[in-house]
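Close look at the chain arrangement
Residue-level listing of the chains:
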Amino acid sequence: MEKKVFSVDGKELRTVELNERVFGLPVNEDVIYYAINNELANKRVGTACTKDRAEVHGSNAKPYKQKGTGNARRGDKKSPLLRGGGVVFGPKPRDFGFVMPKKAKRLAMKSILSLKAQSDILTVIEDFTVESGKTKDLTKVLANFVKDERTVLVLKDDDKMIKRAGRNLPKLSFLSYNRLRAHDLFYGRKVLVLESAVKSLNEFYGSDEEVQA
């Protein structure tokens, strides 16, 4: 599969080869759903906590005698049926995260890349940087490819100047070719990939061998 490479001005320069084993696969919706759920679950803090009747503050004494009052029988004031009492089956701190198999995670990333490439959401741009680190300079480049929409920019290296220029743009996310996130990549309305990152993606995800992420 070939894809056009554009300059920062939005002009067509040349074409680049996309590995069919990365960008030309049939989309596996199940594994994409699994990968997104995995990321969201791992981000959950899980600190919600309630007190049961053994933990709330109060006396253990019987509030009134068992018989003769006409009221229901009460063991203590900490009953879940009374105001200020314990909570029944309330949330406790827990870890919602789970481990996803590496092969399934790699397949999910390749499925999303294939989905974006086949639907023309993915655009390849020549390598560039923002030496000034200013948001306005990066915005000028992005304006040639996207409008006011959620955008993902895939980099080859950790370019601090580009990230510095884009940190004030709420709808822009940065991903490294070997640190992709299924949630950001899937929900990106526009995916911009640097030319060098395309070549790295071809090698990183194109091999059958397990690559240490």
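So, how was this worked out
Residues numbered from 1 in each chain as written. Predicted model: local features only at pLDDT ≥ 70, side-chain atom pairs only at ≥ 80, totals over all residues. Heavy atoms only, no water. Axes fitted to C-alpha atoms, helices over the stretch in contact; angles between N-to-C directions. Helix = DSSP H or I, 4+ residues; strand = E, 2+ residues; numbered from the N terminus. Parallel < 35°, antiparallel > 145°, perpendicular 65-115°, else oblique. Left-handed = near helix turned anticlockwise from the far one by under 90°. Contact = heavy atoms within 4.5 Å. Nonpolar A, V, L, I, M, F, W, Y, C, P; charged D, E, K, R; others polar. Core = buried A, V, L, I, M, F, W, Y, C linked by side-chain atoms within 4.5 Å. Buried < 20%, exposed > 50% of the residue type's maximum accessible area, 1.4 Å probe, protein only.

1. Let's talk about the packing of helix 2 (residues 29-43) against helix 3 (residues 102-118)
How two helices pack is summed up by the angle between their axes together with the distance between the axes. Two elements in contact, helix 2 and helix 3, have axes separated by 8 Å at closest approach and are oriented at 110°. One element, helix 2, and the other, helix 3, form an angle in the roughly perpendicular class. Two packed elements cross with a definite hand, and for helix 2 against helix 3 that hand is left-handed. Residue-level inspection shows Val 31, Ile 32, Ala 35 and Glu 39 of helix 2 in contact with helix 3, the latter providing Ala 104, Leu 107, Ala 108, Met 109, Ser 111 and Ile 112. Looking at side-chain class alone, the contact of helix 2 with helix 3 contains eight nonpolar, one polar and one charged residues.

2. Topic: the nonpolar core
Counting residues in each nonpolar core, the largest one holds 48 residues, and the members touching the most others are Leu 180 and Leu 201. In terms of residues, this core owes the most to one element, helix 3, which gives six residues. Once residues lying within four places of it in the same chain are set aside, the contact partners of Leu 180 are Glu 39, Met 109, Leu 113, Val 154, Leu 175, Leu 185, Leu 201 and Tyr 205.

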